[in-house]
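# Geometric and topological summary
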Protein chains: 2
Amino acid sequence: MRETIGSYLVRRIEEEGIGHVFGVPGDYCLTFFSLLENSPVQIINTCDEQGAGFAADAYARLRGLAVCVVTYCVGGLKVANAIAQAYAERSPIVVISGAPGVAERRRNSLLHHRVKDFDTQLKVFRELTVGAAALDDPLTAADEIERMFALAKRHSRPVYLELPRDMASAEIGPTQARSLPPESSDEEALAAALSEAVERICASKHPVILAGEELHRFRLQPQLARLADRTGIPVAATILGKSAFPESHPGYLGLYEGAIGREEVRDYVEKSDCVMLLGAMMTDFNLGLYTANIDRRDAIYAAKDRVSIGLHAYDDVRMEDFISALSEHGWQRRDVAPYEHPQHPGPFAPSDRELTVEALFRQINAFIEKDMIVIADPGDALFGASDLFISDGAHFLAPAYYASLGFAVPAALGVKTAAPTLRPLVLVGDGAFQMTGMELATAARFGMNPIVIVLDNDGYGTERPMLDGRFNDVHRWNYSELPRVLGGGLGMTAATEREMADALIKARNHESGWSLIQVALARDDQSPALKRLTAKLGDRVRSAQRSPSPDAQ
Amino acid sequence: MRETIGSYLVRRIEEEGIGHVFGVPGDYCLTFFSLLENSPVQIINTCDEQGAGFAADAYARLRGLAVCVVTYCVGGLKVANAIAQAYAERSPIVVISGAPGVAERRRNSLLHHRVKDFDTQLKVFRELTVGAAALDDPLTAADEIERMFALAKRHSRPVYLELPRDMASAEIGPTQARSLPPESSDEEALAAALSEAVERICASKHPVILAGEELHRFRLQPQLARLADRTGIPVAATILGKSAFPESHPGYLGLYEGAIGREEVRDYVEKSDCVMLLGAMMTDFNLGLYTANIDRRDAIYAAKDRVSIGLHAYDDVRMEDFISALSEHGWQRRDVAPYEHPQHPGPFAPSDRELTVEALFRQINAFIEKDMIVIADPGDALFGASDLFISDGAHFLAPAYYASLGFAVPAALGVKTAAPTLRPLVLVGDGAFQMTGMELATAARFGMNPIVIVLDNDGYGTERPMLDGRFNDVHRWNYSELPRVLGGGLGMTAATEREMADALIKARNHESGWSLIQVALARDDQSPALKRLTAKLGDRVRSAQRSPSPDAQ
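Residues numbered from 1 in each chain as written. Chains lettered and ligands numbered in written order. Predicted model: local features only at pLDDT ≥ 70, side-chain atom pairs only at ≥ 80, totals over all residues. Heavy atoms only, no water.

## Some remarks on the pairing of strand β4 (residues 93–99) of chain A
Residues and elements named next belong to chain A. A large share of β4 lies buried, amounting to seven of its seven residues. Neither face of β4 is left uncovered, since the one carrying I93, V95, S97 and A99 and the one carrying V94, I96 and G98 both have all their residues buried. Between the parallel elements strand β3 (residues 66–70) and β4, the chain passes through helix α4 (residues 80–88) in a crossover that is right-handed. Sheet analysis places β4 next to strand β6 (residues 159–164), joined by six bridges and oriented parallel. When the sheet's bridge partners are listed, V95 is paired in β6 with Y160. (Buried < 20%, exposed > 50% of the residue type's maximum accessible area, 1.4 Å probe, protein only. Helix = DSSP H or I, 4+ residues; strand = E, 2+ residues; numbered from the N terminus. Right-handed = clockwise from strand over helix to strand, strands pointing away. Pairing = 2+ DSSP bridges.)

## Description of the environment of P234(A)
Residues and elements named next belong to chain A. Structurally, P234 is set in the loop between α10 (221–231) and β8 (235–237). A relative accessible area of 0% places P234 in the buried class. It is 6.3 Å that separates the C-alpha atoms of P234 and I209, two residues lying 25 residues apart in sequence. Residues in contact with P234, not counting those within four places in the same chain, are P207, V208, I209, G251, L253, Y268, V336 and Y339. (Contact = heavy atoms within 4.5 Å.)

## Side note on the sheet that holds strand β15 (residues 395–397) of chain A
Residues and elements named next belong to chain A. Spatial strand order, β15-β14-β16-β17-β19-β18: six strands in an open sheet with parallel pairing. Lying at the two open borders of the sheet, with one neighbouring strand each, are β15 and β18 (489–494). Direction aside, the axes of adjacent strands within the sheet are offset by 15° on average. Note that β18 and strand β19 (residues 514–520) share six bridges and pair parallel. Residue pairing in the sheet places M492 in a bridge with I517 of β19. Contacts from helix α19 (residues 497–509) reach β16 (423–429), β17 (451–456), β18 and β19 within the one sheet, and its direction differs from that of β18 by about 170°. (Axes fitted to C-alpha atoms, helices over the stretch in contact; angles between N-to-C directions.)

## Quick look at the layout of surface pockets
Taken as a whole, the largest pocket holds about 650 Å³ of empty space. Lining the largest pocket are 28 residues, with L110(A), A280(B), M281(B), M282(B) and Y301(B) sitting closest to its centre. Those elements giving two or more residues to the lining of the largest pocket turn out to be α4 (80–88) and β11 (299–303) of chain B. By residue number, the principal contributor to the lining of the largest pocket is β11(B), which donates four residues. A per-class count over the lining of the largest pocket returns 17 nonpolar, four polar and seven charged. (1 Å grid on protein atoms, 1.4 Å probe; cavity = no way out; pocket = protein on both sides within 12 Å on 5 of 7 lines; lining within 4 Å. Points joined across faces, edges and corners; volume = space filled by probe spheres on them. Nonpolar A, V, L, I, M, F, W, Y, C, P; charged D, E, K, R; others polar.)

## Focus: the packing of aromatic side chains
When we look at a pair of aromatic rings, we describe it by the centre distance and by the angle of the planes. By the definition in use, this model includes 20 aromatic pairs over all chains. Here Y268(B) and Y339(B) contribute two aromatic rings whose centre-to-centre distance is 5.7 Å and whose plane-to-plane angle is 70°, an arrangement assigned as edge-to-face. In this pair, Y268(B) sits in helix α11 (residues 263–270) while Y339(B) sits in the loop between α12 (319–328) and α13 (357–367), placing the two residues 71 residues apart along the sequence. Looking at Y339(B), the relative accessible area reads 22%, which means it is partly exposed. With a centroid separation of 5.4 Å and an interplanar angle of 90°, the aromatic rings of F433(B) and Y479(B) are classed as edge-to-face. Of this pair, F433(B) sits in helix α16 (residues 430–436) while Y479(B) is found in the loop between β17 (451–456) and α18 (482–486), placing the two residues 46 residues apart along the sequence. With a relative accessible area of 1%, F433(B) lands in the buried category. A network of ring pairs unites the aromatic residues F433(A), W477(A) and Y479(A) as a single cluster. (Phe/Tyr/Trp six-rings, centres within 6.5 Å; stacked < 30°, edge-to-face > 60°.)

## Concerning helix α7 (residues 141–155) of chain A
All names here are of chain A. Here α7 spans 21 Å end to end across 15 residues, near enough to the 21 Å set by a 1.5 Å rise per residue. All of the buried residues in α7 are A141, A142, D143, E144, I145, E146, M148, F149, L151 and A152. Buried residues along α7 sit against α1 (5–15), β4, β5 (132–134) and β6. Backbone geometry just after α7 places S156 at a positive phi near 55°. (Expected span 1.5 Å × (residues − 1).)

## Quick look at the packing of α10(A) against helix α12 (residues 319–328) of chain A
All names here are of chain A. Following both chains from N to C, one finds α10 and α12 inclined at 30°, their axes separated by 8 Å at the closest point. Note that α10 runs across α12; the crossing there is left-handed. Packed against α10, whose contacting residues are Q223, R226, L227 and R230, the element α12 presents I323, S324, L326, S327 and E328 at the interface. A class-by-class count of the residues in the contact of α10 with α12 yields three nonpolar, three polar and three charged. (Left-handed = near helix turned anticlockwise from the far one by under 90°.)

## What about the domain arrangement of chain A?
It is common to report an interface's size as the accessible area lost on association of the parts. All names here are of chain A. Each assigned domain of chain A is listed with its residue range as follows: domain 1 (5–164), domain 2 (187–328) and domain 3 (357–537). For domain 2 versus domain 3, the distance between C-alpha centres works out to 30 Å. Each partner contributes to the interface: domain 2 provides 18 residues, whereas domain 3 provides 19 residues. Both sides of the domain 2 and domain 3 interface together cover about 1,700 Å² of buried area, and 68% of this is carbon and sulfur. There are zero salt bridges connecting domain 2 and domain 3. Run the count over domain 2 and domain 3 and you get three residue pairs in polar contact (both at pLDDT 80 or more). (Domains from an automatic or database assignment. Buried area = accessible area lost by both parts, 1.4 Å probe. Salt bridge = Lys/Arg side-chain N within 4 Å of Asp/Glu carboxyl O. Polar contact = N/O pair within 3.5 Å; in protein donor to acceptor, adjacent residues only side chain to side chain.)

So this is what it looks like as structure tokens:
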């Protein structure tokens, strides 16, 4: 049998080492689902497409590429937000959407699920991806598929492929092998940038490395570790880059987040005479909502395709090449002044006190084991988690820039399929859980064992200090009763430290399925990091209210 | 205090008679939420933005205009699909999205929730609405707001307003009163179309009216009734137009859906020598997936801005004006040959037999009372419901063209706020319920009392006959246990007719809150209408699989 567009696509998914795809079927993509089911690739069906989008995002962050399969518009437009997040945070997902057949479109115009025109969804995804193509011609399909896979990997961002249902079984034409030319640095510029950087670093008295999330995405953690080991320069991380550098490493300083982070890290970084920003997007959260104070004249900044040193930039220097070359340079290891290295907080001795957010996170920190991955949803789950000490062998995952609520529970599905040996520890607020938490059904279906901790404080705790009203309340759920609805799970509540300790042990021992711990927290309690953050955000909202003119704030 | 852009917008919402808005707050729209909370407009917070989009859609279908308030990107992009459905099915929603302040954008570029550029979300909504504007200038804001409200009402379709957070409290400039010119028909063309139509109708032997959904949207039901009464011409409805004409009216023929509908209605319509298509979009589902066979040479087709008679068209003739003029014409009522008028099936005598889909819908039909509104989700819930006899005083609502699964439960929230005296009777499949069913939490929060019937057949029953696989299965939930999680509700199961009868009575008597009945159905059981439909759809999928060339099918 000749290869079809559908079977070509399935083969390419396999060749990329993608073992699982996430999605929800619909009549416009049934043929493709059937091809997948008859291949070694496993379909992970989620309850709603939103869950599939977030799960694919998490899978891509761990494995370097993921696939999400949906139907036309009623499926595709439901993942618009998840794919936007993947774009913003550089997570490479191939979205494959079914669509009305090419032939049936010619005959009829008002086919179900259509919005304005047949290409409405394609136009929407052009805004949310680094590449979007309709596979409506068997002669060009192979090239389009190759181009999109290459774009996704090169930019570490999502792409979109639209597969009209009659094309899934259309015989595919030969590839013209017009793949993207291999990406390379301008060799002269790379050498010049390297030479200037080495000179600056050697001349500096207190250099420091600030590690960002692109080190994760482009898998440059080994080069970073090598650079730190060989130079002896200490490493701080941004919140998006958390765990890109092993936190137990003696060269680790801690998280740098401007005024939000810990004072000693801020001091060290801001007093440095040579900050090396490696793969760190200059986002508001990464910069402590612009409370960061790094002198750019003293900074070396390696972003994806360009390296800036002080006030000038070298174009066409790839981050990978620059960081690799730096790590291979013949450094003489330097002795640095002693600094405070974050320590694992050690065991937690529970009392009968009611849980505070601060105590909860200390307790969770004592609980995190090797081979666990902490997945933090935006909100206090994330800010509290930013102070967790992540030991070697444990991992950390959070959408800390785009910050879409409801990421964490579906992300656990992606993590568990991408790295079956990791146990997901999900930290999620009650408001966020109400958005996507029912994807625990998918965990039950596929026998996954995430431990989900719901921080139950009756609403959007991050917003209350900015501007409060009844609109920040959410309806109370008895989250711990969900096993009755979904099966396969263990539901618990905890209001005191001792109850929490018991619940954590039970959850750890319940290895065959999911667990949920509903943690009762006071409505106005916050993590120390959130207290610092919301004070800043609140200032901004209030100043906007006071000063109607856009120039006044 | 001078009026701000935010307070102007709130005042205009009030003036339009919109008493409730649907949404989820976020930091970029907190100021606007606070303004709403301090106004007579009530905020209905949903669990997820998707629910707010669907609820607003239902509200708009009943009340003629609705408002959905979300935050930037992480909220807005989550309603992309619901707004696409509102576009496709002509439901006028004003989407108001918060956004980063104008001033803070100038200073910083990587603010949280941003995708590619600050206008990414605006560009996306241009594809999904009849108008989209950013309120980034106090001098033009009032005009933009007026223009968008007018566009939404004129086209009965969604519009998008983006409100940067610093603009919510910026003093608004005066309106230039550049509102849309009033829409009117070309008077000469209207007169000519009317005269030709009257002549054709009078000369025909077996005229018939086919009533569509735009009669609902543009509130032309009284004109339709008047036309039918004065001419004596019988009326059939499309599935989207169901209940636009009272089903107990002696002039009602039934639902026309090509080969999917009942044979006697099909015969009557297709043998007519003058079919008057009034406000009926020629969609695939409306036309029984193109099994309809209406001779366009004999048809009078009134669409929103144009009337076609036979093979020619009159442009700039508004549907409202044409139908009103037709209804006011000096008709002589004609006697028509007797035809079968659908009858209420009468009381249902339950036995101990296990429920079939067919028996379930007969039983539900006997249960529907005055002041109930049937809300059917796509799938067999909709196809089974298409055969329900909706008595006077009862209503019917379904997204029968765009067909997004998961509409019905959140739609009940919109219905209950738009028309508090109506009791929603929600029919929803298990797959669709898993997408949005947890919005019952919102029903619990606001004390609403929908009756939700979950058709539990273990998966996507509409897809199985087309092409089956494990991907069509969903995880089993114990839906009837949801009151333990959400509170305020009554959960029941029914496997036999008698159990269903008991459950329906209990649900009806539980007037203070929501009820859910989980109905056990055989995996391969289907309504008669779905059997006819899926046979057609299956042919199409299978023929696409067999014939790889797009031209061959």
